[in-house]
Structure formats: C-alpha cells, structure tokens
Amino acid sequence: MVEITLVEAARRAAQQEMRRDPSIWVLGEDVARGGLFGQYRGFLEEFGESRIVSTPISESVIMGAGLGAALVGTRPIIEMRIFDFVMCAMDELVNQVAKVRYMFGGQARPAVVIRMPHGIWRNSAAQHSQMLESWFTHIPGLVVVVPSTPADTAGLLVTALRSDDPVLFFDPKNLFPLVGEVPEVIAPIPFGQARRARMGDDLTIVTWSAIVPQVEEAAGMLAARGISADVLDLRTLWPWDEEAVVASVARTGRLLVVHEAVTTGGFGAEVVARVIERLGPARVKAVARLGQPRVPVPFAPPLEDALKVDTAKVVAAAEALVRGA
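J.: Break down the packing of helix H1 (residues 6–20) against helix H7 (residues 150–161) for me, with residues and values.
T.: Relative to each other, H1 and H7 sit at 30°, their axes nearing to 8 Å. Between H1 and H7, the angle falls in the class roughly parallel. The chirality of how H1 crosses H7 is right-handed. Contacts between H1 and H7 involve Leu6, Ala9, Ala10, Ala13, Ala14, Gln16 and Glu17 from the former and Pro150, Thr153, Ala154, Leu157, Val158 and Leu161 from the latter. The residue inventory of the contact of H1 with H7, partitioned by class, reads 10 nonpolar, 2 polar and 1 charged.

J.: Give a description of empty space enclosed by the protein that names residues and reports values.
T.: For the coordinates displayed, the defined rule picks out 1 cavity of 30 Å³ or more. A volume near 30 Å³ is recorded for the largest cavity. Residue lining of the largest cavity: His118, Met131, Glu133, Trp208, Ser209, Ala210, His259, Glu260 and Ala261, and that is the complete set. The biggest single contributor to the lining of the largest cavity is strand E13 (residues 254–262), with 3 residues.

J.: Can you break down the packing of aromatic side chains residue by residue, with the values?
T.: Ring pairs (aromatic) are described by centroid distance and by the angle formed between their planes. Considering all chains together, one arrives at 10 aromatic pairs under this definition. Look at Phe37 and Phe176: their rings are 4.9 Å apart centre to centre, the planes differ by 70°, and that puts the pair in the edge-to-face class. Residue Phe37 is found in the loop between strand E2 (24–28) and helix H2 (43–47), and its partner Phe176 is found in the loop between strand E7 (167–169) and strand E8 (179–182); the two are separated by 139 residues along the sequence. Between the aromatic rings of Trp208 and Phe267, the centroid separation amounts to 5.9 Å while the plane-to-plane angle is 75°, which identifies the pairing as edge-to-face. Of this pair, Trp208 sits in the loop between strand E10 (203–207) and helix H8 (212–224) while Phe267 sits in helix H10 (residues 267–279), placing them 59 residues apart in sequence. Taken as a pair, Trp208 and Phe267 share a single burial class, namely buried.

J.: Requested: an account of the sheet that holds E13, with residues and values cited.
T.: Strands sit in the order E9-E11-E10-E13-E14 across an open sheet of 5 strands; the sheet is mixed. Of all the strands in the sheet, just strand E9 (195–198) and strand E14 (286–292) have a single pairing partner and so form its edges. Strand-to-strand twist across the sheet, computed as the mean angle between neighbouring axes with direction ignored, equals 25°. Taken together, the 6 bridges between E13 and E14 define a ladder with parallel strand orientation. What sits directly across from Leu255, in E14, is Val287.

Calculation criteria
- Residues numbered from 1 in each chain as written.
- Predicted model: local features only at pLDDT ≥ 70, side-chain atom pairs only at ≥ 80, totals over all residues.
- Heavy atoms only, no water.
- Axes fitted to C-alpha atoms, helices over the stretch in contact; angles between N-to-C directions.
- Helix = DSSP H or I, 4+ residues; strand = E, 2+ residues; numbered from the N terminus.
- Parallel < 35°, antiparallel > 145°, perpendicular 65-115°, else oblique.
- Left-handed = near helix turned anticlockwise from the far one by under 90°.
- Contact = heavy atoms within 4.5 Å.
- Nonpolar A, V, L, I, M, F, W, Y, C, P; charged D, E, K, R; others polar.
- 1 Å grid on protein atoms, 1.4 Å probe; cavity = no way out; pocket = protein on both sides within 12 Å on 5 of 7 lines; lining within 4 Å.
- Points joined across faces, edges and corners; volume = space filled by probe spheres on them.
- Phe/Tyr/Trp six-rings, centres within 6.5 Å; stacked < 30°, edge-to-face > 60°.
- Buried < 20%, exposed > 50% of the residue type's maximum accessible area, 1.4 Å probe, protein only.
- Pairing = 2+ DSSP bridges.

See the structure below:
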C-alpha cells in the first residue's frame, strides 16, 4: 500500500490501465500539459502524442470525437476539465453516447469514460461549482460514479476503464488533496456496491462524493453524544446499492441522506422514495434530506460557507431525526 492523494490515485489508476491496454487514450483540453489538476502528469512523455491528445476548446467536438473513436474499437478517456463544461456537449452525451448501443441493436460499443471534476472548489462561483449528478441518473444507458476516497477513486476508475458501458466519472475536485492508502496494484471495485464507512444502530446516513469526510466526522461527534450512525457511502449512483441501504434502514428505522448538491431534485429524493416503497411507512420512523438550498453557488467565501453542507449541519440534522422520532 502507498499513501497518496486522491488525484494521484486517479493518475496511477489511469496510468496502470493505459500500460495494460494500448487501446485506452486521453483527449481533452490541456491533457498534454498534465491536465488542470495534474491528473495526467507525465502521460505525454510516457504514452506519446497519439494517446494523449490536447484538443481545441470545444466540448461538443471532444465528446463526439471520443464516441466516434470508441465505436471503431478504442477506449477513450474523455476529459471535460471541469464538470460544468459538459453542458456544452449535452446533445452528444445524452442523445448519442447514452443511446447508441440501444439504437444500433447492441452492435455499437460506447466504451468511453467521461471524467468531470465537480463540486464546490473554493471561490469558483456559480459556473464552476455545480453538482448535477442527479441529472444523469435519469438517463438510461449511463453509469454514474461518485467516489470519495483515494482507494475508491482508483478502484472505480479501473473498473470504468474496463467497462464497455459509457461511464460518467465525477471526480470530487475539493477532495483532490485528500490522502489515503491505495494498493500498488489497483484492483477493480465493482459498481453498485456501497462502502460502509461506519457501523451504527440509531440511524442510517447515506452519502457520497465530496461531502463524505464531513459526514464521517459528524458520525464521530454523534457517537460522543450517544447516537450511533450507520454511514453508507454509495460510491456509484447508477447502479446504486439499494439493497444495502434498505437493509440498514430496516435495522435502524431512520434515514438521513446527505449530499453536496441542491436538495430539490437531488438523488437523495430517489433514495428516500425507494426506501419508503420497499419498507413502507410503518417500518420507517423518520426520514430527512440534507443538501444545499436552491440558489447559485456564490463567489464570496462567507456566502459560500453559509449555503454549503458542513459537519455541524449534518450533526444537527441527525440529532433532530433521532430526538424527534
């Protein structure tokens, strides 16, 4: 095992798979310079300009070219640089990448990994801080990956690069400096399996991506106050580990879903709905969702702090759920 940052874990996973499979290559803005966050540092020198291709600033071209290359047998990593820029390539993503296998009766293989660093990053403001992962869980044909640790980032990226399905890989850019243990040889982590970050009996907290460290910290504070939280990090939103969540809530009787994204229309609503449908209201004492208010992310640090989910808000929401039910 090695202690490395999350962004370095992703870099090593991509490097490992590119060494293993010569059909994997990277295209996107600035990738030949190592990428905006250093996630492709040293790749041009090792793999050459035929496999590390810096593109013009045109996300629709990047997405379309990546899909076309996949359809003729390669396995592109499509780098969107920052998640928010994918909006410029939504037609190619939603109408082509997600549907091409179905439209061609299974004859097409859209084996692309679309990397999109997302979430709040200090003072990035409204157009560079969005968390819209729930949009894509609604689109048939797409896999949605939302890791939160260096080890999970590495293992899930390996799985994504070996998948024949189009994978949206949401890199949590605010966690890029996070350090954790990662195996020297990175094994794939299956999609659709949650990670139990903490075992507890009083309530279930379901979470993912950049907010996970705050939830884990909150769970420790709750334990000191006599509240035992079962914390599940989903790791992927489609497929998601419905069975693990339902089993946990069946045991604890309470569910709190915490995500960095806006609460309204967030994936937390899907989690709550499925749990109630599966268990019935009689078996669930209380449910709650915690996310951001439905406002743009401001540039000013005090305003940004006021709206984003933090440890104190998670503790307060969990205590209200347990004490009130």
